[in-house]
Amino acid sequence: MAERSDRDDVLIDADISCCGGPAVDELPWPGGRKRGSDEPNGAGATETAGEPVEESHGAAGGILSGADLDEMMSHPSAMRKAILALAWPVVTELVLQTVTQMADMIMVGRLGAECVAAVGLSNQPFRIIQGFFMGIGVGTTALVARFTGAGDKRRANRVTAQSLAVGSILAALFATLGYIFTPQLVRFMKAGPDVVPYAESYMRVLMPGLFMLVINMVTSSALRGAGDTRYPMMVNIILNLANILGNYILIYGNFGAPALGVTGAALATTVARTIGTAMLLFHVVSGRGRIAIRTVGERFRFDPDLIRRIFNVGLPASLERVSLSLGISFYVRIVSALGTAAYAAHAIAINAEGISYMPGFAFAVAATTMVGQALGADRPDVAERAGIESWKMSATVMGLMGVVLFVFPEALMRLYGDDMEIIGMGAEVLRIMAVAQIPMATSYVFVGALRGAGDTRAVLIFTMACVWGVRFCLAWLFVNVFGWGLPGAWYAMAIDWVARGTVSALRFRGGRWKQMRI
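Residues numbered from 1 in each chain as written. Predicted model: local features only at pLDDT ≥ 70, side-chain atom pairs only at ≥ 80, totals over all residues. Heavy atoms only, no water.

Enquirer: Give me the lowdown on the packing of helix H16 (residues 456-481) against helix H17 (residues 485-510), citing residues and values where you can.
Expert: Each packed pair of helices is defined by two parameters, the angle between the axes and the distance between the axes. Viewed as axis vectors pointing N to C, H16 and H17 meet at an angle of 160 degrees, and their least axial separation amounts to 8 Å. Taken together, H16 and H17 sit at an angle that is classed as roughly antiparallel. Both H16 and H17 take part in a crossing whose hand is right-handed. For the contact of H16 with H17, the per-class residue count stands at 17 nonpolar, four polar and four charged. (Axes fitted to C-alpha atoms, helices over the stretch in contact; angles between N-to-C directions. Helix = DSSP H or I, 4+ residues; strand = E, 2+ residues; numbered from the N terminus. Parallel < 35°, antiparallel > 145°, perpendicular 65-115°, else oblique. Left-handed = near helix turned anticlockwise from the far one by under 90°. Nonpolar A, V, L, I, M, F, W, Y, C, P; charged D, E, K, R; others polar.)

Pasting the structure below:
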């Protein structure tokens with residue numbers, strides 16, 4: 001069963017035409033201004049491993065190649081078209097992923113509340129580990145976008161190769177340790193005695209697949225930084241369809257396979273990730289895409305300078321994600337203490353709500369790519385406009401999704417089962433989160449824009465403050481002191497999103513990110 005990335009992260013030119021529509025380079029985005037070695041944004045001025053800098057000679061790359069940026073500034077509709085070209089594949093990919101997760105939860109839900117709680121609880125430690133590698137993906141996206149915007153494709157390729165090498169080594173280490181310490185991780189989450197055996201079985205099968213997940217994350221991050229969101233979409237469509245089929249076969253024992261229950265759900269996820277990872281690696285190694293890694297005729301060498309730059313951006317993002325995941329894990333402990341039924345309602349409501357935030361994440365990906373490439377092309381004015389337009393589009397779509405959540409929460413909850421107690425609790429908290437959709441959109445997009453600029457330290461600071469100081473503390477107060485139960489925990493979550501949305505918008509408006517060097 002595919003677990004949700006916490007509201008993240010959460011994803012080439014020769015084959016782009018097979019996905020339909022124009023390639024991103026064919027959109028009305030044009031060339032940036034001429035850049036020299038004294039560029040203020042640091043995209044291509046630094047030599048890497050003693051090699052000379054490749055001059056772009058005024059030609060910006062990626063989504064910025066071939067058009068007049070001043071024209072874009074005076075015609076917002078053209079910029080929205082470029083944003084949409086980056087965002088719609090991500091929306092498609094993530095909506096399918098969410099539908100897959102909903103189908104997973106429906107299948108597991110038929111096994112009982114214990115199995116639902118086991119999957120939800122065991123995914124929390126996994127997300128903490130995943131959060132570390134998300135930082136490598138953020139660093140990869142930011143650097144690839146800068147180099148692509150500056151027209152330096154060679155260095156964009158080298159960043160990807162270094163990220164994959166470092167990520168692979170660390171993923172093997174984390175997967176091994178996670179497998180060994182699975183029982184301790186499950187008990188840390190305060191799983192009930194009826195949940196522990198299911199959670200241990202699920203996590204033990206899922207842990208070896210961490211290696212595949214990391215390769216998938218890093219490769220997709222590089223492609224998106226280069227302006228290609230379509231190939232990751234295609235790969236993840238295939239991956240999710242394989243996951244649904246695997247769940248159907250392995251959870252219930254169809255087509256002659258053994259009925260493995262939650263273990264089968266974890267096995268289906270690992271197999272599907274292996275398929276997706278193989279497709280992504282073949283794409284970048286074969287040289288067909290915007291990112292190309294050569295494996296023939298070149299000896300790979302670790303590049304300390306590039307690795308340092310990746311971690312300079314990525315480490316704060318990793319710490320942010322790990323802090324976020326830890327905070328949410330302690331938050332989940334507060335919820336799980338309310339009992340199996342309350343936690344099952346929480347897990348199902350989170351899953352049902354998932355489709356609402358996908359547009360926000362998609363426009364955040366677009367903002368990350370466009371801000372990074374615009375700064376690489378030495379156009380901070382274009383970067384700022386791209387962030388604002390991305391936010392407007394995201395807030396509009398997520399606001400409409402909030403209306404759906406508020407009006408039809410019972411119908412969504414009934415998709416997962418017929419326990420009226422769980423349906424009632426889940427519907428109540430979905431209405432609470434419906435009113436937080438626009439603040440969520442604000443946080444997603446402006447955080448994405450700040451990451452594209454490399455301003456990950458600021459994101460780390462205010463995310464830690466909001467998750468620990470607002471969500472966790474208020475959840476403890478509302479649940480344990482005021483006795484508001486599950487709705488109290490969700491009120492705390494909604495207030496957290498309002499706080500993060502407000503702070504991220506103020507940080508973006510301040511404009512210090514325009515001078516970031518990475």
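Enquirer: Explain the packing of aromatic side chains to me, using residue names and the numbers behind them.
Expert: We describe a pair of aromatic rings using the distance from one ring centre to the other and the angle between the two ring planes. Tallying each qualifying case throughout the model produces 15 aromatic pairs. Here Tyr 444 and Trp 497 contribute two aromatic rings whose centre-to-centre distance is 5.3 Å and whose plane-to-plane angle is 55 degrees, an arrangement assigned as tilted. With Tyr 444 in helix H15 (residues 437-453) and Trp 497 in helix H17, this residue pair connects regions lying 53 residues apart in the sequence. There is no split in this pair, since Tyr 444 and Trp 497 are both buried. Centroid distance Phe 482 to Trp 484: 5.2 Å. Interplanar angle 50 degrees. Geometry classified as tilted. Given the relative accessible area of 43%, Phe 482 is considered partly exposed. For Trp 484, a relative accessible area of 42% corresponds to the partly exposed category. An aromatic cluster is present here, built from Trp 391, Phe 446, Phe 508 and Trp 513 joined pairwise through their rings. (Phe/Tyr/Trp six-rings, centres within 6.5 Å; stacked < 30°, edge-to-face > 60°. Buried < 20%, exposed > 50% of the residue type's maximum accessible area, 1.4 Å probe, protein only.)

Enquirer: Which residues make up the nonpolar core, and what are the values?
Expert: Membership of the largest hydrophobic core comes to 138 residues, with the highest contact counts inside it found for Phe 133 and Trp 490. A total of 21 residues in this core trace back to one element, the largest contributor, which is helix H11 (residues 340-376). (Core = buried A, V, L, I, M, F, W, Y, C linked by side-chain atoms within 4.5 Å.)

Enquirer: Give a description of the environment of Gly 289 that names residues and reports values.
Expert: Tracing the backbone shows Gly 289 in the loop between helix H9 (262-285) and helix H10 (304-336). When the C-alpha positions of Gly 289 and Tyr 231 are compared, they lie 8.7 Å apart, and in sequence the two are 58 residues distant.

Enquirer: Help me get a handle on the side chain of His 346, residues and values and all.
Expert: By secondary structure assignment, the location of His 346 is in helix H11. By relative accessible area, His 346 is classed as buried at 5%.

Enquirer: Any details on H16? Residues and values, ideally.
Expert: With 26 residues, H16 ought to run about 38 Å at 1.5 Å a step, and its terminal C-alpha atoms sit 35 Å apart, in line with that. Downstream of H16 by a residue or two, Gly 483 has a phi angle that is positive, lying close to 70 degrees. (Expected span 1.5 Å × (residues − 1).)

By themselves these figures say nothing about function.
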